[in-house]
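As a plain string of letters, each chain reads:
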Amino acid sequence: MKKMFYTIFFITGFVAIQAWAEELHLNIRNPTQEMLPFLEKKYPAWKTQNFSKEKLDQVLKDLQTLPGILRLEAFENKGTFEIQVYRRSRIKSINFNGNYSVSNSDLQPFLELNQGDLFQKSPIQTGKDKIEDYYRQNGFLRAQVKIVIQEIEDPKDKQIIVDVNINEGRQTKVTDVTFQGYQFDPFEGRKARKPFLGPYLESRLQGVEKSLKEDFRKKGYLKLELRGPEAKFSADDSEVQLIYTFENPQKYELEFRGNKNFSASDIEDDILVLKEYSSTNPNLTLELTEKIKQAYYQVGYARFEIATEELPGRASDSRRIIFKINEGPKIRVQSIQFRGSYSQDPAKYEKLFFENAPKLLYKRWLNKQDIDPAVKSFTSELQNQGFLQAQVLSSRIQYNAERTAVTLVLQLNEGPLTVVTKVDWQGANQISSAELAQQILIKEHEPLKLFQIETSVKNLKTFYRDHGFLEVEIIQDPEKFITYNEEGTLAEVHFHIVEGPLVRVGSIILDGNTFTQDYVLLRNLEFKTGDILTPTNIDESISRLQKSGLFNSVEIKTLEEKTMISDRTVVVKVSERNPGIFNMGVGATNEHTATARGFIGVAYRNLYGTGRGVSIRLEGNYNPTEVKFVESKVVLGYFEPFLFSSRLQGRINVTRASTVTNFDIRQASILNQQTYSVEKIISSHITGTWDVWSLATYKDFSLVSPPLFQESSVDIASTGLTFEFDYRDNPFNTSTGNFVRLTGEYGNPGFGSSKTIDYSKATATYNIYNQLWKTPIVWANSFRVGFLKNTSNRDDGGVPYDKKGFILGGRSTIRGFEAGTSDVFPSSNDLGTQTYLLQTQAQMGLFKSEIRFPLFGNWEGAVFYDGGYVQIANQHFDDYYRDSTGFGFHYLTPVGPLNLEFAWKLDRKEGESPWRFHLSIGTF
């Protein structure tokens, strides 16, 4: 009755208001968190002003659209219009009880609800059924799930506690697998059955069936019907026996005669795929024959013939099939003859025909089954080019005298060329015809090409939506969209546009940010109240919020979607991530024979809900074979998301590291560095970073006594800019797109460098990724150039080359060369000293090319080439260019591939190792 009352209330709301005073004050009882911001934005003076009855009716309708509201009650109280808000219940907690065999995290997704969500009954009931089904699939046939909903009354909110009570029962066990209709036990004893005994799982049943079929195929049973399993359960369902029935099992021996292009093993393994083959077809011979015939046709043996003979087999329980093959020659399609009515050059049409033909016919080999699809594609292409009435009336093949090649004869009726005489716009009131005409491919006085119609409609919709008309529709009435003259030679195109409203942001409601403060979301949005709303600023806002790392999911939509309302309420719904992060890992690489690695990282990325973050990371390496020295690195970081209350982001990183920098002379370095950076996310694809000030203090020392070099220390202070343009489909496992990084750096004593250090440095990187022939094969290429110049006027001024110079060698530059050794280029031997100071200028170029192809599962293979050069003014090298080639195996993970790569130097010098093995994570 209550629900009916409230329904009647809203239907008759306007009538009720008629009885009230002309102007009433508005009061909201128990408002939700979205209500007050909404009212302040849409009705700024709502707390003080009086409302007319018509306006109050509109307020009620507006409030009812907000999330989290169960119902509203409205009544007059001494000159005040009171609105009592009854909120929808939110879930306070979800508790699982009795699930001893399955974890909470495994069961939680079945409910499709999380803590803090608005309560809905339908996911609860559906979740109950899914959990019970999940238990049944895992052998708990008598599992029962009961969900208890507890309501907690709160002065502001009604909250729900969801208790999921599970009675798992006993897990059913498979105790035996038996067979009927077969003369011996396929498992040949209890021991072979063991993998199939145990919990009664669907995966176990699939495994039994798969194993049986594999076993029968190995024994030559190509025809087999497997029925079952029939399941015999014990009284309490705790045990089950599986019974399989074999019907009409038959062994076959296959013999091939006359086959030359395909060997017998090719036919069995690649064409018939006998290792995976079983059939219930009563005419097995015909089925196998058709497979062989199609395989030959598909490689161009158009005159292929095959006969079969079925005889008793060599074994008493088998049959023998003899396939008598006459391959004939491969038939070449040497030309096409066009006959009939057409206006274009036949050579042009022949090229067009083959370009749109199936793969084999495209290569000019005859497969008769390819002709009809090729003719249809050719006809469609002619229609796309404006010959709307084009037809291929007939097709036939004409053999040459030797019957080794054919001419394809097509009877073509091209029909008239249809020309567009007029393009007009109906319903286009907000955007001019001239602007719209620029968006379409269809032009007046040009041929009407059908493929241009769909593209033009798509372009128009995109153009309108980018200008804020989110509900635009292009009506394509078959009778009115395109009209023709009687001959079909002339056409008029009429675009009927329903523009819809120009959508503006009337108000913004935030949902789901229970911890994160509102301004963190609002400052990441690409729109504000009063702005025109477009798909672009919605997508950019989602991208910015996702890049913040604070949310698992982000959704932005309007409450008034698919209506004619212009000023809309935009709802930004987020699901927050756990702000605390802890990770650690250990591993090893083959660098310098063997190196053990480990790290621990702790971060908190949403301090007090402000989006600010702090982090600490500790890394350690140890090489027990060449240099027994513990390398360490500690990095402290702070992140400020809104520097100076703007959308600039600030970072502070402080690093202390001790590393082996030259294994040949046993040199180690201690680095103390602090960097202050400002970042700007320009768009979802473009990021700019300014390292405002960076100071790095290096102290080089020897690990052996007496030292092989003079110990030293140096300060390098710099400022630098970096721009990144990232259009990759995936930053970790990329298959398409491109990536560009441009960097510029300047160091000077005025920033805090040692007085001898004054330099400028610039680098540019361009990576491009393409999928070859629309396959999973990826061709990745990387181009890198760099320039470094000493700008110090001092006689003793120079850039420490081992700190800032271009050195090629290692997985990230040229594989096959070992970083940190004399293997690199230029090495200390090339430079003539261990502590080379660049007093002139240097330039670098690097090219990496790699073809990646799938192998199986998450494994892929790769072949690659790396090459690069370094030139230093006034410095002579015997070989300025070094390169290598090799192959590798990559195991794909969500954070990039694990790489095992073998690389060989192509211009190896005396004393250098011919090849190197690289073990690493990540790729270019």
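Read on for a plain summary of the structure. Since the structure is predicted, the reported quantities are computational estimates derived from the model, not experimental observations.

### A closer look at the sheet that holds strand β22 (residues 551-558)
Then, number 1: One open sheet holds the three strands; their spatial order is β21-β23-β22, and the pairing between them is mixed. On the outer flanks of this sheet lie β21 (504-511) and β22, each paired with one strand and no other. Across this sheet, the average inter-strand angle for adjacent strands is 20 degrees, counted without regard to direction.
Then, number 2: Where β22 meets strand β23 (residues 567-576), seven bridges bridge the pair, whose relative direction is antiparallel. Counted as the bridge partner of Phe551 is Glu576 from β23.
Then, number 3: Across the sheet, helix α17 (residues 535-547) touches β22 and β23, and the angle it forms with β22 is around 160 degrees.

### What about the pattern of salt bridges?
Then, number 1: Tallied over the full model, the rule gives 38 salt bridges.
Then, number 2: One salt bridge in this structure joins Lys848 and Asp866, with 3.1 Å as the shortest N-O distance. Of this pair, Lys848 sits in strand β37 (residues 841-856) while Asp866 is found in strand β38 (residues 859-872), placing the two residues 18 residues apart along the sequence.
Then, number 3: Of the residues examined, Lys848 reaches a relative accessible area of 1% and is grouped as buried.
Then, number 4: Counted as one network, the salt bridges with shared partners bring together Arg811, Arg815, Lys848, Glu850, Arg852, Asp866 and Glu901.

### Regarding the layout of surface pockets
Then, number 1: Considered as a void within the structure, the second largest pocket measures approximately 1400 Å³ in volume.
Then, number 2: What lines the second largest pocket is a set of 45 residues, among which Lys547, Ser548, Gly549, Arg651 and Glu679 lie closest to the centre.
Then, number 3: It is strand β27 (residues 630-643) that contributes the most residues to the lining of the second largest pocket, six residues altogether.
Then, number 4: Considered class by class, the residues forming the lining of the second largest pocket number 20 nonpolar, 16 polar and nine charged.

### Some points on the packing of helix α11 (residues 346-355) against helix α13 (residues 371-384)
Then, number 1: Running from N to C, α11 and α13 point in directions that differ by 120 degrees, and their axes come no closer than 8 Å. Here α11 is positioned oblique relative to α13, judged by the angle of their axes. Here α11 runs over α13; the crossing is right-handed. On α13, the residues touching Tyr349, Leu352 and Phe353 of α11 are Ala374, Val375, Phe378, Glu381 and Leu382.
Then, number 2: Along the lines of polarity and charge, the residues of the contact of α11 with α13 split into seven nonpolar, no polar and one charged.

### A few points about the packing of helix α5 (residues 104-111) against helix α6 (residues 121-137)
Then, number 1: Two numbers describe how α5 lies on α6: the axes approach to 7 Å, and their chain directions differ by 135 degrees. Considering the angle they form, α5 stands oblique to α6. In the crossing of α5 with α6, the sense of the turn from one axis to the other is right-handed. Facing α5, whose interface residues are Leu107, Phe110 and Leu111, α6 presents Pro123, Ile124, Gly127, Lys130, Ile131, Tyr134 and Tyr135.
Then, number 2: Among the residues forming the contact of α5 with α6, the class breakdown is eight nonpolar, one polar and one charged.

### A word on α17
Residue pairs spaced three or four apart in an α-helix point in one direction, given the helix's 3.6 residues per turn.
Then, number 1: Under the 1.5 Å per step criterion, the end-to-end length of α17 is 18 Å for 13 residues, consistent within 8% with the ideal 18 Å.
Then, number 2: Among the residues of α17, those classed as buried are Asn537, Ile538, Glu540, Ser541, Ile542, Ser543, Arg544 and Leu545.
Then, number 3: The inward-facing, buried residues of α17 abut α16 (518-524), β22, β23 and β29 (667-681).
Then, number 4: One or two positions beyond α17, positive phi appears at Gly549, with a value near 80 degrees.

### Remarks on the side chain of Asp883
Then, number 1: Considering the arrangement of structural elements, one finds Asp883 in strand β39 (residues 881-891).
Then, number 2: Arg882 provides the closest opposite charge to the buried, unpaired Asp883, separated from it by 6.1 Å.
Then, number 3: A polar contact of 2.8 Å, which involves the side chain of Asp883, links it to the side chain of Tyr865.
Then, number 4: Among all residues touching Asp883, those that are not within four sequence positions of it are Ile814, Phe817, Tyr865, Asp866, Gly867, Trp904, Lys905, Leu906 and Asp907.

### So, the packing of aromatic side chains
Then, number 1: Within this structure, the stated rule accounts for 36 aromatic pairs.
Then, number 2: Here Tyr296 and Phe304 contribute two aromatic rings whose centre-to-centre distance is 4.3 Å and whose plane-to-plane angle is 10 degrees, an arrangement assigned as stacked. Accessibility classification places Tyr296 together with Phe304 in one group, the buried group.
Then, number 3: Three or more aromatic residues link up through ring pairs in this structure, and these residues are Phe338, Tyr342, Tyr349, Phe353, Phe354 and Phe378.
Then, number 4: The positively charged end of Arg617 is found above the aromatic ring belonging to Phe599, 4.3 Å away from the centroid.
Then, number 5: Taking NZ or CZ as reference, Arg728 lies 4.5 Å from the ring centre of Phe739, over its face.

### Examining unusual backbone geometry
Then, number 1: A cis amide bond links Ser705 with the next residue in sequence, Pro706, at an omega value of -5 degrees.
Then, number 2: Along the chain, the position of Pro706 falls in the loop between β30 (686-702) and β31 (712-726).
Then, number 3: In this model, Arg403 sits at a positive phi of 60 degrees, which is unusual for a non-glycine residue.
Then, number 4: Its location among the elements puts Arg403 in the loop between β15 (391-399) and β16 (405-413).
Then, number 5: Look at Arg403 and you get partly exposed, because its relative accessible area is 38%.

### Observations concerning the environment of Asp796
Then, number 1: Structurally, Asp796 is set in the loop between β34 (778-790) and β35 (799-800).
Then, number 2: Taking the C-alpha atoms as reference points, Asp796 and Arg852, 56 residues apart in sequence, are found 48 Å from one another.
Then, number 3: Sequence-distant contacts of Asp796, that is, excluding residues within four places in its chain, are made with Thr756, Leu837 and Gln839.
Then, number 4: At a separation of 2.9 Å, a polar atom in the side chain of Asp796 contacts the side chain of Arg794.

Reading guide: rules and limits
Residues numbered from 1 in each chain as written. Predicted model: local features only at pLDDT ≥ 70, side-chain atom pairs only at ≥ 80, totals over all residues. Heavy atoms only, no water. Pairing = 2+ DSSP bridges. Helix = DSSP H or I, 4+ residues; strand = E, 2+ residues; numbered from the N terminus. Axes fitted to C-alpha atoms, helices over the stretch in contact; angles between N-to-C directions. Contact = heavy atoms within 4.5 Å. Salt bridge = Lys/Arg side-chain N within 4 Å of Asp/Glu carboxyl O. Buried < 20%, exposed > 50% of the residue type's maximum accessible area, 1.4 Å probe, protein only. 1 Å grid on protein atoms, 1.4 Å probe; cavity = no way out; pocket = protein on both sides within 12 Å on 5 of 7 lines; lining within 4 Å. Points joined across faces, edges and corners; volume = space filled by probe spheres on them. Nonpolar A, V, L, I, M, F, W, Y, C, P; charged D, E, K, R; others polar. Parallel < 35°, antiparallel > 145°, perpendicular 65-115°, else oblique. Left-handed = near helix turned anticlockwise from the far one by under 90°. Expected span 1.5 Å × (residues − 1). Lys, Arg positive; Asp, Glu negative; His and termini not counted. Polar contact = N/O pair within 3.5 Å; in protein donor to acceptor, adjacent residues only side chain to side chain. Phe/Tyr/Trp six-rings, centres within 6.5 Å; stacked < 30°, edge-to-face > 60°. Lys NZ or Arg CZ within 6 Å of the ring centre and 35° of its normal.

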